Amino acid sequence: MTIAVKSSLHSPEDLAALGLVSPGAVERLRVVASRYAIAITPHVAGLIDLGDPDDPIARQYVPSESELATTSQENADPIGDAAHSPVKGIVHRYPDRVLFKLVHVCAVYCRFCFRREMVGPGKETVLSDAVYSAALGYIRSHPEIWEVILTGGDPLMLSARRLHEIMTDLASIGHVKIVRIHSRVPVADPARVTDGLVAAMKADGVTTWFAIHANHSREFSSEARAACARIADAGIPMVSQSVLLRGVNDDEATLEDLMRTFVQCRIKPYYLHHGDLAPGTAHLRTTLEQGQRLMQSLRGRVSGLCQPDYVLDIPGGFGKSPVGPEYLSRANTCDGAIKYRVTDYCGEVHLYPPDEANTKS
């Protein structure tokens, strides 16, 4: 059984009225909602199976009382954006690229969001003209910046007119060659991805890339697939971002299906993120060891086109690090020679000799 609604759901009362949460949970969920925003679009609500208490779509968007439990390791800024923010709206963590946080609203609010303390109602919606100009000035004054990543919030919450203005501004900066747009909108509110909005993503002088966030193949409804096709048909290359989530995609078959769905939609799997230490998200996080096992299984099960990088954002602002399984190590054999131990996709270990022609004595 699925849900049909005409407007987005924003409160525990809305959720209870549709049977997404029990009436007895409403009071406690009001506490959750007072801290972390709730929004479920009609499109996403229609994907939820009310007959499945463990529905993986609902688990991503419907708030839980578990969000009131926090651990000492969790942090309101778990990946350390603030430590690398030279001016408001900019995060400059890596030398050749910056995050440009244009808006602080989303079509939907994920229950595992690492910026959950910074987005939603009551937060600053968009950058003021003065702050926007200062951020643009920072990009203009740093010639090492080759790529600008539009994020937030969700930059596709902007109008097509405003998005095109921003793309034009960035294209006017000679050293900016790539603009990457990070968004959940094609799967969360696909009707928003009009031909006009897609056209606004492009500007002469820069190459646009699009990173879509999705965590389960069921998010790719026919409408979502059509939205992705409009982007790809416009010549905009697409990559994926997913989060490894307990009860959503933390088994071999589900992860395999997700990665294959991306590729079928002309989206190259890019990152599989380990869950960040955002407050109130422990019930959705897996262990690193589980993630490594899943990645090792994926290596043997699906095409190389379907392989993402499993990454961890190091708390404190130290950036992403690959944390996938290791396939190569050095080994000393019984005759004293040094060889390499290589693990194949079946888990078997093989010895590989160093190349004598390129080995110094």
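For the structure, check the block above.
Note that the coordinates shown come from a computational prediction; the quantities given were computed from them, not determined experimentally. (Residues numbered from 1 in each chain as written. Predicted model: local features only at pLDDT ≥ 70, side-chain atom pairs only at ≥ 80, totals over all residues. Heavy atoms only, no water.)

(A) Summary view of the overall build of the protein chain. Along the backbone of the protein chain there are 11 helices and 12 strands. In terms of overall dimensions, the protein chain is globule-like: its C-alpha atoms have a radius of gyration of 22 Å, near the 21 Å expected for 361 residues. For the protein chain, the spread of C-alpha atoms along the principal axes amounts to about 70 × 55 × 40 Å. Across the 361 residues in the protein chain, those meeting the buried criterion constitute 50%. Counting every atom, the protein chain has about 16,500 Å² of accessible surface; 53% of that belongs to carbon and sulfur. The protein chain carries 37 positive and 42 negative side-chain charges, and their two centres are separated by 3 Å. (Helix = DSSP H or I, 4+ residues; strand = E, 2+ residues; numbered from the N terminus. Rg over C-alpha atoms; globule rule 2.2 N^0.38 Å. Buried < 20%, exposed > 50% of the residue type's maximum accessible area, 1.4 Å probe, protein only. Areas by Shrake-Rupley, 256 points an atom, 1.4 Å probe, with all protein chains shown as cover. Lys, Arg positive; Asp, Glu negative; His and termini not counted. Charge placed at Lys NZ, Arg CZ, Asp CG, Glu CD.)

(B) Spatial organisation of the sheet that holds strand S12 (residues 349–352). Sheet architecture is open: three strands sit in the order S10-S11-S12, paired in antiparallel fashion. Single-partner strands in this sheet number two, and they are strand S10 (328–332) and S12. The mean angle between the axes of side-by-side strands here comes to 35 degrees, regardless of whether they run parallel or antiparallel. (Pairing = 2+ DSSP bridges. Axes fitted to C-alpha atoms, helices over the stretch in contact; angles between N-to-C directions.)

(C) A look at empty space enclosed by the protein. Tallied over the full model, the rule gives one cavity of 30 Å³ or more. In terms of lining residues, the largest cavity is bounded by Tyr36, Ala37, Tyr109, Cys110, Arg111, Cys113, Arg116 and Val119. Residues that form the lining of the largest cavity fall into these classes: six nonpolar, no polar and two charged. (1 Å grid on protein atoms, 1.4 Å probe; cavity = no way out; pocket = protein on both sides within 12 Å on 5 of 7 lines; lining within 4 Å. Points joined across faces, edges and corners; volume = space filled by probe spheres on them. Nonpolar A, V, L, I, M, F, W, Y, C, P; charged D, E, K, R; others polar.)

(D) Highlighting the layout of surface pockets. Reported here for the largest pocket is a volume of approximately 930 Å³. Of all the elements in the fold, those that place two or more residues in the lining of the largest pocket are strand S1 (90–94), strand S2 (97–101), strand S3 (147–151), strand S4 (178–183), helix H7 (185–188), strand S5 (207–213), strand S6 (238–243) and strand S7 (267–273). Class assignment for the residues of the lining of the largest pocket results in 24 nonpolar, 12 polar and 11 charged. Each pocket or cavity is described by its volume, and for the second largest pocket that value is around 340 Å³. Forming the boundary of the second largest pocket are 18 residues, of which Leu20, Pro53, Ala58, Arg59 and Val62 lie nearest the centre.

(E) Representation of the sheet that holds S5 within the structure. Strand order in the open sheet made by the nine strands is S1-S2-S3-S4-S5-S6-S7-S8-S9, with mixed pairing throughout. In this open sheet, the two strands that pair with only one neighbour each are S1 and strand S9 (320–322). On average, adjacent strands in this sheet sit at an angle of 30 degrees to one another, irrespective of strand direction. Of the pairings in the sheet, the one linking S6 to S7 comprises six bridges and is parallel in character. The residue bridging Val239 from the neighbouring strand is Lys268, located in S7. Relative to the sheet, helix H10 (residues 252–264) contacts S5, S6 and S7, its axis offset from that of S7 by approximately 145 degrees. (Contact = heavy atoms within 4.5 Å.)

(F) Up close: H10. With 13 residues, H10 ought to run about 18 Å at 1.5 Å a step, and its terminal C-alpha atoms sit 18 Å apart, in line with that. Where H10 is buried, its residues meet S5, helix H9 (222–233), S6, S7 and helix H11 (288–301). Two or three places before Ala253, at the start of H10, stands the capping residue Asp251, its side-chain oxygen 3.3 Å from that residue's backbone nitrogen. Directly beyond the C-terminal end of H10, a positive phi value near 65 degrees is found at Arg266. (Expected span 1.5 Å × (residues − 1). Polar contact = N/O pair within 3.5 Å; in protein donor to acceptor, adjacent residues only side chain to side chain.)

(G) Up close: the pairing of strand S11 (residues 338–343). In this structure, S10 lies alongside S11, joined through five bridges in antiparallel fashion. Paired with Ala331 across the strands is Lys339, a residue of S11. Pairing analysis gives four bridges linking S11 to S12, with the strands arranged antiparallel. Note that in S12 the partner of Val342 across the bridge is His350.

(H) Seen up close, the nonpolar core. If you look at the biggest cluster of nonpolar residues, it comprises 91 residues, and the most contacted ones within it are Phe100, Ile139, Leu150, Met201 and Phe220. With six residues, the top contributor of residues to this core is helix H5 (residues 129–140). Apart from residues no more than four positions distant in its own chain, Ile139 is found in contact with Ile90, Val98, Phe100, Ile145, Val148, Leu170, Ile173, His175 and Val176. Core analysis: the next-biggest nonpolar cluster, separate from the first, contains five residues, Ala37, Cys106, Tyr109 and Val119 among them. (Core = buried A, V, L, I, M, F, W, Y, C linked by side-chain atoms within 4.5 Å.)

(I) Just the packing of aromatic side chains, in detail. Under the defined criterion, the tally for this structure stands at three aromatic pairs. When the centroid spacing of 5.7 Å and the interplanar angle of 15 degrees are considered together, the rings of Phe100 and Tyr132 count as stacked. In this pair, Phe100 is assigned in strand S2 and Tyr132 in helix H5, connecting sequence segments 32 residues apart. Each member of the pair Phe100 and Tyr132 is classed as buried. Here Tyr270 and Tyr271 contribute two aromatic rings whose centre-to-centre distance is 4.1 Å and whose plane-to-plane angle is 25 degrees, an arrangement assigned as stacked. Looking at Tyr270, the relative accessible area reads 26%, which means it is partly exposed. The exposure class of Tyr271 is buried, given its relative accessible area of 16%. (Phe/Tyr/Trp six-rings, centres within 6.5 Å; stacked < 30°, edge-to-face > 60°.)

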